[in-house]
Amino acid sequence: MTRFTAWNVFWQGITGQKGWTRQWRDPEPKAHYDVVIVGGGLHGLATAYYLSKVHGVQNVAVLEKGWIGGGNAGRNTTIVRSNYAQPGNREFYEHSLRLWENLSHELNYNVMFSQRSHIALLHSPGAIDAASRNYNTMRRTGTPDAEIWDLPTLKRAVPHLNYAANARFPIIGAAVQKRAGTARHDAVVWGYARAADARGVDIIQNCKVEGLAREGGRITALDTTRGRITAGKVAFAVAGSTSLLWQMAGLGGLPIESHKLQAFVSEPLKPLLDQVVVFGMGGAHFYISQSDKGGMVFGGDLDWYKSYAQRGNLPIVQDVAEAAMSVLPCLGRVKLLRHWSGVVDMSMDGTHFICKTPLDNLYLNAGWNYGGFKATPASGWWFADLIANDRPAPMIASFDLKRFERGLQIDERGAGPDCKLHG
Amino acid sequence: MLRLACPFCGLRDHSEFSYGGDGSIIYPALDAPVQDWHDAVFLRDNVCGRQVETWQHVHGCRMWLLVERDTLTHEIHSVRPAHSELASTLEGAE
């Protein structure tokens, strides 16, 4: 693998770009690995990278049923933020944001992390009170960039929102996190794959797990479409398909349902929006940013019924378009370039799992709801820590499957045990 | 757009309905052990394929329905009233 340096970019530029090597190898699977991570998405690859980098674990494989970047890694709206208020979540996402801030250097790969601010619009005095409580909590617990903006400040920063006084939900302020922003999703997954591969991790694509061999309380081998692989430790990081693997391991039900979430991108425009803007009011939910290519990248709610299909339904397209028009009416004549849908793990309290399981050598990383992209670095960091040390660090102690039995759910929205409500 | 054949109203777009959830769950007795309630409230089989699920026709007759649907292909195999006794009473009234 050729490192990206100013000199290399210059040299390749004058020698016809012929000297670059492939970003990661395409190895044949070995018969045995010390750690097998199932799922070559953002979280699985980040886990493999930190396992090797931080914990010195050699002989690691990542199995991917499709190709790197083909699943939810390429199906999200690329927003990174840490504006969480619940204990557990806020420290975890803030740690993630701090890892994001150095990620391009860490991976020697430009992930185009852009800390352009995350602006959540507020529409009532009650909403300002609630946001003030959350954002004050953030400031008191290690996230110093939380701010509440009044209307004049917001108008100076984003002049072309719909500020009409007779709008159905007039904008009266905003909750802002200034270090939040976006990153290029493909670059993140490619960057982790390349960096993990450079450290000796085998990334095995087109390798679907079809069966698990169990011996007592352990998984001894994985039967895949590319043969049987024995493993010392097995880690699941397969958001969307977690339940299928869980049942393959004979472990029954999980506090997870698979739902699909759509995202959209418009034709490229000249620079229009320099922040991430979020609108959530009543039944509407809408978030938008502009990519570096100029496309408006936006999304809304789930499709509202459980599904494993990677395709979205039309009523949500209409809902999202209506929300777009109510916030940014200037988008009215912009054409949609494409829309897509990813299958996400929706958990019963809207929070994820990074935990041990009933099997001794099986570890679970799942239940990321809407929030998997921004969590990538910390998810990989702490999941690697869990696998290497075989115990949850205090940072992730509350992200286990038993929290429902203890009655200590981490329900950021207060929506209760109904997966589809945790959007 | 999915279309559900409501037994009371006929074939309608799914946007008239509200999705309930897994229809195979049987809630335990009120005095059942906490673990039984935990399992019923929080754990899901999360079937990939045919599953029975509840939908409510909120913008129609407001009846709860049991729908057998494939969660991968979205094919609808059957729709029936969730409360068959209530349904037969209503039909008798007509």
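Description of the structure in this document. (Residues numbered from 1 in each chain as written. Chains lettered and ligands numbered in written order. Predicted model: local features only at pLDDT ≥ 70, side-chain atom pairs only at ≥ 80, totals over all residues. Heavy atoms only, no water.)

Looking at the packing of aromatic side chains
All names here are of chain A. Inspection of every chain in the model, using the stated rule, returns 22 aromatic pairs over all chains. Ring centres of Trp-7 and Trp-11 lie 5.7 Å apart, and the angle between their planes is 20°; on these two criteria the pair is classed as stacked. Within this pair, Trp-7 and its partner Trp-11 are both found in helix 1 (residues 6-14), separated by four residues, close to a single helical turn. Three or more aromatic residues link up through ring pairs in this structure, and these residues are Tyr-84, Phe-92, Tyr-93, Trp-368 and Phe-399. The residue whose ring lies beneath Lys-155 is Tyr-163, and the NZ or CZ to ring-centre distance is 5.4 Å. Residue placement shows Arg-168 over the ring face of Phe-169; its charged tip is 4.4 Å from the ring centre. (Phe/Tyr/Trp six-rings, centres within 6.5 Å; stacked < 30°, edge-to-face > 60°. Helix = DSSP H or I, 4+ residues; strand = E, 2+ residues; numbered from the N terminus. Lys NZ or Arg CZ within 6 Å of the ring centre and 35° of its normal.)

Considering unusual backbone geometry
Positioned with a positive phi, Ser-117 of chain A is a non-glycine residue whose angle comes to about 90°. Following the sequence through the fold, Ser-117 of chain A ends up in the loop between helix 4 (103-107) and strand 4 (118-122). At Asn-46 of chain B, a residue that is not glycine, the phi angle is positive and equals roughly 50°. Mapped onto the elements, Asn-46 of chain B comes out in the loop between helix 1 (34-42) and strand 4 (50-56). For Asn-46 of chain B, a relative accessible area of 1% gives the class buried. (Buried < 20%, exposed > 50% of the residue type's maximum accessible area, 1.4 Å probe, protein only.)

A short note on the interface of chain B and chain A
On the chain A side, the residues contacting the 23 residues of chain B number 26 residues. Between chain B and chain A, the buried area comes to about 2,100 Å², and carbon and sulfur atoms account for 54% of it. Looking only at chain B, the three residues that lose the most surface to chain A are Tyr-19, Phe-42 and Asn-46 of chain B, adding up to 32% of its buried area. Here chain B and chain A share one salt bridge between them. Residue Arg-44 of chain B pairs with Glu-257 of chain A through a salt bridge whose shortest N-O separation is 3.7 Å. Counting the contacts that link chain B with chain A gives 15 residue pairs in polar contact (both at pLDDT 80 or more). Counting residues per element, the ones that place at least two in the side of chain B that touches chain A are strand 3 (18-22), helix 1 and strand 4 of chain B. The biggest single contributor to the side of chain B that touches chain A is helix 1 of chain B, with four residues. Each residue belonging to the side of chain B that touches chain A can be placed in one class, and the counts come to ten nonpolar, ten polar and three charged. (Contact = heavy atoms within 4.5 Å. Buried area = accessible area lost by both parts, 1.4 Å probe. Salt bridge = Lys/Arg side-chain N within 4 Å of Asp/Glu carboxyl O. Polar contact = N/O pair within 3.5 Å; in protein donor to acceptor, adjacent residues only side chain to side chain. Nonpolar A, V, L, I, M, F, W, Y, C, P; charged D, E, K, R; others polar.)

Some points on the side chain of Asp-186 of chain A
Residue and element names in this part refer to chain A. By secondary structure assignment, the location of Asp-186 is in helix 7 (residues 185-198). Since its relative accessible area comes to 15%, Asp-186 is described here as buried. Side chain to side chain, Asp-186 and Arg-184 meet in a polar contact 2.9 Å long.

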